[in-house]
Amino acid sequence: MRIGIAALLLVMFVSACQSAGQQNRYEVIYAMDKNEAVASPGQSAHEEEPRKFKIGVVPKLVEIPYFNLVEEGAREAAAQLGAELVYRGPPIADTVQQIRIIEELMVEGVDALAVSANDPEKLLPALMKARQQGIQVITWDSDTYREGRDFFVNMVDDEKLGRHLMDTLAWNTGEKGEFAILTGQQKAATLNEWIKWMKVQQETYYPDMKLVEIAATDDDPQKAYETAKRMLAKYPNLAGLIGNSSVGPPAAAQAVKEAGLTGKVKVVGLSLPNLMAPYLTDGSAQVATLWSPKKLGYLTVVLAVRALAGQPPEDGVMLPNVGIIRVNGDVVVMGDPVDFTKENVNQYDF
Amino acid sequence: MISNLRGKLAFTRFRLSTKLMVTYILLTVIPMSLLGYISYRQYTKSIEEQIGEYMPRFLVQADANIEKHMEELSVLPEMLFNSESMVAILRRDAYQSRADLNRDQFEMNSFLNRTYLNGASPDVIGVFLLSKNRVFESTRLSYSGIDWSRAFTDYGQDLELRGSVKVMLPRDVGLRFVDNIPYVLIMKPIEDVDNRRKLGTMFIAVRLNFIRNVLQDLENSDQADMWLMTREGQIIYHTDPELTGTFDPNIDQYPLLSGSFRKESGDGARLVSMHESKELDWVLVHSVPLEALTARTDFVRKVTVLVFIGLVLVSIFMYALFSIRVTNPLKRLNQLMKHVEMGKFNVDLKVQSKDEIGTLAASFNSMVATIRELIQQNYHIEIRQKEAELYALQSQINPHFMYNTLETISMAVEEDEKETVVEMVSLLGRMLRFSVSNKSKFVTITQEVQHVRDYLTIQKFRFEDRLSFDIAESVPSQAGEALYTPNFVLQPIVENAIKYGLEARKGVDIRITVSEEFSARSGKQDLVFRIRDNGPGITAGRLAQLEQAIREDAWSGKDSGFGLSNVNARIVLLHGQDYGVQLHSIEGIGTEVAVRIPVIRAAEVERIEREAKHRATDTNLDRG
């Protein structure tokens with residue numbers, strides 16, 4: 001009897017260590033990040049009500065090709081991200097009208113405002129008011145003062161662009177001669193920044209060149225054309241013209257062409273390839289420099305949505321359909337400028 | 001409950017050795033085995049838990065490595081934008097001549113070759129670029145199974161990938177490299193970010209070596225299986241090359257995809273750890289047989305179990321031995337007790353050991369011996385007492401005395417001494433009545449003295465002047481209460497005195513006193529009868545002999561000392577060694593016999609009588 005008990009115990013002890021296996025039984029030992037594991041099958045739980053952000057994008061003005069392209073890009077991004085886009089700007093580059101539009105958009109209840117500022121100073125109160133209402137304010141294309149916005153989406157690095165524009169003219173004029181600049185708005189902060197760097201580059205490397213005048217075109221093609229014509233008449237020794245905003249170079253090229261100065265007065269500057277293609281091809285303009293306005297519009301909206309979703313722009317982030325962005329303080333730099341010449345201008349459809 | 005009680009009762013009925021064994025097993029074997037079992041279980045469980053907790057973390061690390069690799073690989077297409085001319089080729093829509101197309105194709109292919117196959121990563125085995133009905137490709141290995149021109153419809157420009165990377169598996173594509181090398185295809189649309197257009201789609205075939213490296217870093221045991229699969233169960237890479245590309249049939253059964261669990265199937269339990277990569281939708285699995293984890297423990301376990309069994313057997317053996325050693329003497333004791341019960345006292349429990357059992361055996365032996373002695377002693381005392389009493393009864397009026405008395409009476413009748421006859425007859429009658437009527441062992445001192453006086457008076461009639469006697473009349477009494485003495489203590493002494501005195505001399509004088517004296521031996525007041533005669537006395541040698549005889553054995557023979565020793569024996573039997581008969585004699589002058597008894601009152605007489613009666617009934621019952 002006692003042997004029986006002992007044997008039983010031993011058998012129990014020995015055999016219990018190897019409990020008989022059955023067909024695929026599972027016993028969880030450790031579950032990692034339970035919340036995550038639970039959330040993963042139906043991730044929609046987190047975004048049950050996909051909030052549709054309303055984003056107001058305000059260009060300097062509307063109905064010029066550059067800002068039309070920006071709108072295209074912005075619409076593409078809004079469609080992809082499921083955001084509501086209000087793209088509204090003044091018919092002419094007018095600060096008062098821009099302020100009015102901003103106030104309209106505030107009343108309409110936008111979540112984010114992306115503004116290309118005509119005048120950094122005058123826009124400031126309106127933008128600050130918007131920020132006080134909890135609206136995410138960003139600037140693009142043309143900056144305002146820092147307190148007026150959360151961050152600025154810059155197309156290119158100001159210094160790099162300013163110096164590069166100066167370089168493109170210098171290559172074509174043989175680093176000498178008089179030149180003039182056709183800028184957009186007198187007070188546009190970004191344009192003035194570029195001009196500053198153009199001057200720095202000229203003073204540093206091109207002592208034989210001389211800046212004779214800076215004239216504002218207010219992004220009006222007609223005004224730009226007339227200014228260019230006036231300059232050609234005023235400065236007979238003019239070797240080159242730099243257009244600082246997209247309407248400048250085509251107007252200048254047109255004026256040069258009409259004055260029969262093709263090849264004699266070089267035209268470079270910021271403009272769209274499509275606008276510049278005829279002039280580049282016939283030699284009345286040498287180099288156009290720009291970025292993709294579509295990409296700028298796209299990036300602006302993407303960054304606005306991301307910021308609303310709690311992801312402020314970060315340096316080195318790879319954004320789909322854009323690439324890697326750089327962030328310097330509160331300034332986002334989209335990329336490097338692209339030069340359009342008669343060789344490659346046909347590759348671009350804007 | 002009832003069965004429990006029954007079990008309890010059953011337990012109480014077990015033999016002691018069984019109880020000892022059961023107790024031993026309950027106290028030792030069961031706790032030890034339970035302890036061993038529990039600690040082993042806990043230990044293996046804690047190993048399991050530890051590994052189950054750490055392995056998923058390692059997998060996270062491995063996953064992160066793989067993801068990092070994949071990320072690195074997924075940015076490879078971006079390298080295309082490093083070359084303006086390549087972007088220009090992709091932007092080209094139409095060709096004027098076949099030669100232009102071929103030139104672009106040549107340039108692009110050599111660019112791909114340069115950039116991806118010779119540069120970027122050794123794991124890239126092929127690059128395919130589909131753009132506007134053109135196929136650019138560059139591969140390290142020959143391949144088959146795919147028609148790229150048809151792939152346009154499947155993966156062409158219209159695919160809504162929106163710039164994100166997609167990983168495609170061989171099964172999805174049908175592309176096979178020589179030797180069936182495991183690979184994945186990274187598909188990425190090429191976007192013209194400036195024109196906001198799609199330029200084409202790039203496919204990069206990547207060998208899975210890096211996964212193997214990552215997994216090897218994690219675990220290089222042969223017993224562990226690791227694999228990477230999609231959430232649908234398609235195995236992308238398996239440490240067993242045969243299984244790469246197959247489906248995991250259990251994918252739907254896994255209780256979780258991030259964490260670890262024990263899987264028990266026909267071929268043993270395995271610890272499976274998993275981690276699900278959120279970014280890639282992949283699941284990295286590590287599966288190891290539990291035996292491999294606990295291999296070392298299992299060896300220890302086997303050794304422990306063997307040692308344990310050995311210990312249990314040895315200790316059971318020892319314990320059995322021990323319990324036999326304890327219970328055997330008890331069994332024998334039991335048997336011997338039965339013998340003793342039957343009245344057989346000639347038993348000896350032989351136990352050698354000096355422990356409690358030995359002591360018990362020794363005690364038992366000495367107890368039996370003592371009982372034996374006591375019984376013997378009691379038996380003898382009883383016999384002696386009876387004998388003494390019988391003798392006393394016999395000799396109170398012995399035939400010889402009767403004959404002599406009757407002869408004396410007859411002579412007196414002849415001489416016509418009427419008064420003498422009357423007195424003698426009445427004395428004799430009183431003596432006879434005393435003997436007959438008195439059944440008690442005790443009489444009052446007065447009666448005893450009266451009786452010896454009667455006896456002496458009768459003898460006086462016979463021996464006339466040759467005998468003279470004097471009996472001190474003062475009989476001590478206490479507070480008017482009569483004192484008792486064992487009966488028939490004086491007459492035998494007086495008989496002796498007359499016999500020896502008249503043998504040696506013409507006349508004898510006998511004096512009897514009764515007094516109360518303090519005794520040094522008993523430490524109390526005793527009663528002492530002194531019978532003094534002026535007979536021949538006893539020689540010193542004879543006196544010693546007699547005293548010895550009196551003390552030692554009262555019934556060795558009915559010789560001269562018999563009367564004395566009988567008296568002595570009866571007194572000693574009743575009252576102990578402190579009392580009895582003492583002889584003092586000077587040869588030629590006389591002898592004094594002192595009979596020492598305790599002060600006995602009526603109450604004590606009653607008590608002694610009662611005890612005697614009890615003893616008699618007890619003995620009768622015992623004998624019965």
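Given the structure is predicted, the values throughout are model-derived calculations rather than measurements. Residue numbers restart at each chain and count upward from 1, following the sequence in its written direction. Just so you know, chain letters begin at A and ligand numbers begin at 1, following the order they were written in. Residues qualify for local features only when their pLDDT is at least 70, as the model is predicted, and side-chain atom pairs are given and counted only at 80 or more; totals for whole chains, interfaces and linings, by contrast, use all residues. Computation of side-chain values: all heavy atoms of the structure, hydrogens and water removed.

## Here we look at the overall build of chain B
Numbering of helices and strands runs from the N terminus, with a helix taken as a DSSP run of H or I at least four residues long and a strand as a DSSP run of E at least two residues long. Looking only at helices and strands, one finds 17 helices and 19 strands in chain B. Per-residue accessibility, obtained with a 1.4 Å probe over protein chains only, is compared with the maximum for each type, and a residue is labelled buried under 20%, exposed over 50%, and partly exposed between these values. Counting the 624 residues in chain B, one finds 46% classified as buried. Contact definition: two residues touch when any of their heavy atoms are within 4.5 Å. Here the analysis covers contacts within chain B between residues at least 6 apart in sequence; of these, 63% occur between residues at least 24 apart. For accessible areas, the Shrake-Rupley method is used with a probe of radius 1.4 Å. Any residue's cover is judged against the shown protein chains and nothing else. Accessible surface, chain B: about 33,300 Å² in total, of which carbon and sulfur atoms supply 54%.

## Overview of a nonpolar patch on the surface
Patch definition: residues with relative accessible area over 30% and no salt bridge; like charges joined within 9 Å; nonpolar side chains (Val, Leu, Ile, Met, Phe, Trp, Tyr) joined within 5 Å. Salt bridge, as used here: a side-chain nitrogen of Lys or Arg that lies within 4 Å of a carboxyl oxygen of Asp or Glu. Side chains of Met32, Phe299, Val300, Val303, Val307 and Leu311 of chain B sit close together on the surface and give an oily, nonpolar patch of about 540 Å² of accessible area. As for its position among the elements, Met32 of chain B is in helix α2 (residues 16–74).

## Concerning the UniProt feature "transmembrane region" (unreviewed entry) in chain B
Residue and element names in this part refer to chain B. Taking the numbering used here, the UniProt-annotated feature "transmembrane region" (unreviewed entry) corresponds to residues 21–40 and 303–322. The distance from the first to the last C-alpha atom of residues 21–40 is 26 Å, and the span holds 100% helix and 0% strand. Note that residues 303–322 is 100% helix and 0% strand, and that its end C-alpha atoms are spaced 27 Å apart. UniProt positions are given in the numbering used here, feature names are shortened, and annotations may be inferred rather than shown by experiment.

## Overview of the sheet that holds strand β14 (residues 326–328) of chain A
All names here are of chain A. Whether two strands pair comes down to DSSP finding at least two bridges between them. Across the sheet, seven strands lie side by side as β3-β2-β4-β5-β6-β15-β14; this open sheet has mixed pairing. The sheet is open, and its two borders are formed by β3 (84–87) and β14, each paired with just one other strand. Neighbour-to-neighbour, the strand axes of the sheet open up by a mean angle of 20°, direction not taken into account. Strand direction decides the pairing type here: strand β6 (residues 151–154) and strand β15 (residues 331–333), joined by three bridges, are parallel. Paired with Val153 across the two strands is Val332, which belongs to β15. Axes here mean lines fitted to C-alpha atoms, for a helix over just the part in contact, with angles spanning 0 to 180 degrees between N-to-C directions.

## Quick look at the pairing of strand β11 (residues 268–277) of chain B
Residue and element names in this part refer to chain B. Taking burial as the measure, the ten residues of β11 include eight buried ones, the bulk of the element. Two successive antiparallel strands, strand β10 (residues 259–265) and β11, enclose a turn made up of two residues. As judged from the eight bridges shared by β11 and strand β12 (residues 282–289), these two strands associate in the antiparallel manner. Residue pairing for β12: Arg270 is matched across the bridge by Pro289. Linking two consecutive strands that pair antiparallel, namely β11 and β12, is a turn of four residues; a positive phi of about 65° is found at Asp281 within it.

## Focus: the packing of helix α12 (residues 418–437) of chain B against helix α13 (residues 445–463) of chain B
Residues and elements named next belong to chain B. Between α12 and α13, the shortest axis-to-axis distance is 10 Å and the interhelical angle comes to 145°. At the point where α12 passes α13, the crossing takes the left-handed sense. Between α12 and α13, the residues in contact are Thr420, Glu423, Met424, Leu427, Leu428, Arg430, Met431, Phe434 and Ser435 and Gln447, Glu448, Gln450, His451, Asp454, Tyr455, Thr457, Ile458 and Phe461, respectively. Each residue receives one of three labels: charged for Asp, Glu, Lys and Arg, nonpolar for Ala, Val, Leu, Ile, Met, Phe, Trp, Tyr, Cys and Pro, and polar for the others, Gly being one of them. Broken down by class, the residue content of the contact of α12 with α13 amounts to eight nonpolar, six polar and four charged. In this scheme, a crossing is called left-handed if the near helix is turned counterclockwise away from the far one by less than a right angle; it is called right-handed if the turn is clockwise.

## Observations regarding the pattern of salt bridges
Here the idea is simple: oppositely charged side chains can pair when their charged atoms come close. Taken as a whole and assessed by the stated rule, the structure comprises 43 salt bridges over all chains. Two residues, Arg530 of chain B and Glu592 of chain B, come together in a salt bridge whose shortest N-O distance is 3.3 Å. Taken together, the residues span a long stretch of sequence, with Arg530 of chain B in strand β17 (residues 525–533) and Glu592 of chain B in strand β19 (residues 590–598) at a distance of 62 residues. Judged on exposure class, the residue Arg530 of chain B and its partner Glu592 of chain B are both buried. A salt bridge links Arg601 of chain B to Glu604 of chain B; the nearest nitrogen and oxygen atoms lie 3.8 Å apart. A residue is classified by how much of its surface remains accessible, and Arg601 of chain B, at 28% relative accessible area, is partly exposed. When its relative accessible area of 27% is taken as the criterion, Glu604 of chain B is described as partly exposed. Salt bridges sharing common partners tie together Glu27 of chain A together with Glu48, Arg262 and Glu264 of chain B.

## Focus: a negative patch on the surface
Together, Glu414, Glu415, Asp416, Glu417, Glu464 and Asp465 of chain B make up a region of like negative charge exposed at the surface. You can see Glu464 of chain B is positioned in the loop between α13 and β14 (467–471). Here Asp and Glu are counted as negative and Lys and Arg as positive; His is not counted, and neither are the chain ends. Here the site of a charge means atom NZ of a Lys, CZ of an Arg, CG of an Asp or CD of a Glu.

## Structural notes on the pairing of strand β6 (residues 183–192) of chain B
Residues and elements named next belong to chain B. Counting buried positions along β6 yields ten of ten residues, so the element is predominantly enclosed. What you see with β6 is no split at all: Tyr183, Leu185, Met187, Pro189 and Glu191 on one side and Val184, Ile186, Lys188, Ile190 and Asp192 on the other are buried throughout. Pairing analysis gives three bridges linking strand β4 (residues 166–168) to β6, with the strands arranged antiparallel. If you follow Met168 over to β6, its bridge partner there is Leu185. For β6 and strand β7 (residues 197–207), the ladder comprises ten bridges, and the chain directions are antiparallel. Bridged to Leu185 within β7 is Ala205.

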